[in-house]
Amino acid sequence: MAVLVLGGAGYIGSHAVDRLIAKGYDVAVVDNLVTGHRAAVNDQARFYEGDVRDSDFLNQVFDQEDIEGVIHFAAFSIVPESMKNPLKYFDNNTAGMVKLLEVMAKHDVKRIVFSSTAATYGEPKQIPIKETDPQVPTNPYGESKLAMEKIMHWSDIAYGIKFIALRYFNVAGAKPDGSIGEDHHPETHLVPIILQVAAGEREQLQIFGDDYPTPDGTNVRDYVHVVDLADAHILALEYLKQGHDSEAFNLGSSTGFSNKQMLDAAREVTGQPIPAVMAPRRAGDPSTLVAASDKARNVLGWDPQYDDVKEIIKTAWNWKQSHPAGYDDRGGQA
Ligand code: NAD
Ligand code: UDP
């Protein structure tokens, strides 16, 4: 039977496909390449180009494949864009989930592992954030993902479709051999932007805000390596296959790093000066986001291999140096 990976040509999805194949799974990928790259998809996966919201297309894929479970990465995820154009997010992310679950119910596919996000929590009341903490998103992106979690909850009750919601914190890094990595246009994430400055593609890093209530005044985030994250999806799928009930898990390292600390770490790893300036706060940025991820460790047996941000940055730098133009396919444009 096959694992169907939706959004498998994207940054995280391509690493998940790669790990699934390395572990001997039969893999099919659906992606419309709106932000993904065909070249990122492992050759051993069957690739279907199309949109999750296109029910005719999706039904055909489900007719053709014998699917044991779905891993769902296909979504938009840029917070400031979601503030300007919320309907784009509710359409692609939330309405896309409705279409997907309809097709899953029709084809009697009863397992889904889902990319959720720390953005579903909004401004945390306590650090580290636990899975049981209130989910009060502060932007439409987080709201679209929270709605997707709720839609899965009710679809579990009505149709018996079991789900695992994996709430990622800050994902970074690349496959250590440098063959796949992060290539977004525009790039908005801290680590790849710092490395663009290190590579001379950008003049300087702007650090958004140094007046937060944190030790050095800059935001604190919790970084998880993309390969560790990919492995958590496989554990989640196996957990569902064992017959367990639907659950949500945070995926982070449980350690916070400030934006200034990330810059210092990148200077050390790359040996580049990486000029940086302070800039105004970016709207919607919570001060500190750090996950309690002991639940994933204890229940799923998740054992992340990367506990050092320098090692995470090193793998991203390796990808950057071996692929200065990314996948060089002009893809990845939402
Ligand atoms: P990405 O943009 O690189 O990957 C998303 C993939 O989905 C792309 O290949 C895109 O072409 C595809 N896609 C989007 N809409 C589609 C549709 N309607 N039909 C078919 N394919 C579609 O993003 P990413 O950084 O790999 O993130 C993957 C998932 O993880 C997203 O759902 C995102 O919300 C979530 N997430 C990411 C982070 C992060 O730090 N990158 C953090 C938390 C959650
Ligand atoms: N950030 C920054 N400059 C940039 C990009 C990001 O200072 O050019 C900061 C951002 O304000 C946040 C942290 O880096 O405090 C992580 O941002 P990112 O967009 O990577 O992830 P988020 O935490 O928003 O999911």
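Everything that follows concerns the structure shown earlier in this document.
To start, this report covers the structure provided alongside it.

The rules behind the values
- Residues numbered from 1 in each chain as written.
- Chains lettered and ligands numbered in written order.
- Predicted model: local features only at pLDDT ≥ 70, side-chain atom pairs only at ≥ 80, totals over all residues.
- Heavy atoms only, no water.
- Salt bridge = Lys/Arg side-chain N within 4 Å of Asp/Glu carboxyl O.
- Helix = DSSP H or I, 4+ residues; strand = E, 2+ residues; numbered from the N terminus.
- Buried < 20%, exposed > 50% of the residue type's maximum accessible area, 1.4 Å probe, protein only.
- 1 Å grid on protein atoms, 1.4 Å probe; cavity = no way out; pocket = protein on both sides within 12 Å on 5 of 7 lines; lining within 4 Å.
- Points joined across faces, edges and corners; volume = space filled by probe spheres on them.
- Nonpolar A, V, L, I, M, F, W, Y, C, P; charged D, E, K, R; others polar.
- Near = heavy atom within 4 Å.
- Polar contact = N/O pair within 3.5 Å; in protein donor to acceptor, adjacent residues only side chain to side chain.
- Expected span 1.5 Å × (residues − 1).
- Pairing = 2+ DSSP bridges.

Considering the pattern of salt bridges
Then step 1. One pass over the structure, following the stated rule, counts 22 salt bridges.
Then step 2. Of the charged contacts, one joins Arg-19 and Asp-231 as a salt bridge, the two residues approaching to 2.8 Å between their closest N and O atoms. Linking Arg-19 in helix H1 (residues 11–22) with Asp-231 in helix H7 (residues 226–241), this pair joins segments that are 212 residues apart in sequence.
Then step 3. On the basis of relative accessibility, which here comes to 25%, the residue Arg-19 falls in the partly exposed class.
Then step 4. Lys-162 is the salt-bridge partner of Asp-156, the closest N and O atoms lying 2.9 Å from each other.
Then step 5. Residue class for Lys-162 comes out partly exposed when judged on its relative accessible area of 26%.
Then step 6. Connected through shared salt-bridge partners, Asp-18, Lys-175 and Asp-177 make up one network.

Side note on empty space enclosed by the protein
Then step 1. Evaluation of the coordinates by the stated rule reveals one cavity of 30 Å³ or more.
Then step 2. Lining of the largest cavity is provided by Tyr-223, Ser-253, Thr-255, Phe-257, Tyr-306, Asp-307, Asp-308, Val-309 and Ile-312.
Then step 3. Among the residues forming the lining of the largest cavity, the class breakdown is five nonpolar, two polar and two charged.

Quick look at the site of ligand 2
Then step 1. Taken together, 14 residues sit near ligand 2, with Gln-206, Asn-219, Arg-221, Arg-282 and Asp-285 positioned nearest.
Then step 2. Between ligand 2 and the protein, one listed contact pairs an oxygen atom with a backbone N or O atom of Thr-188 at 3.4 Å.
Then step 3. Asp-285 places a polar side-chain atom, nitrogen or oxygen, 2.6 Å from an oxygen atom of ligand 2.
Then step 4. Secondary structure elements with two or more residues in the shell around ligand 2: helix H6 (190–198) and strand S8 (205–208).
Then step 5. Among the elements that take part in the shell around ligand 2, S8 stands out by supplying four residues, more than any other.
Then step 6. Here the residues of the shell around ligand 2 are counted per class, giving five nonpolar, six polar and three charged.

Here's the deal with helix H10 (residues 309–322)
Each turn of an α-helix holds 3.6 residues, which means side chains three or four residues apart point in the same direction.
Then step 1. Under the 1.5 Å per step criterion, the end-to-end length of H10 is 20 Å for 14 residues, consistent within 8% with the ideal 20 Å.
Then step 2. Three or more residues of H10 are buried, namely Val-309, Ile-312, Ile-313, Thr-315, Ala-316, Trp-317, Trp-319 and Lys-320.
Then step 3. For H10, the capping residue at the N-terminal end is Asp-308, with a side-chain oxygen 2.9 Å from the backbone nitrogen of Lys-310.

Some thoughts on the pairing of strand S4 (residues 67–72)
Then step 1. Counting buried residues in S4 gives six out of six residues, a clear majority hidden from the surface.
Then step 2. Examined bridge by bridge, strand S1 (residues 2–6) and S4 share five bridges and lie parallel to one another. Note that in S4 the partner of Leu-4 across the bridge is Val-70.
Then step 3. Sheet topology places S4 next to strand S5 (residues 111–117); three bridges connect them, and they run parallel. Paired with Val-70 across the strands is Ile-112, a residue of S5.

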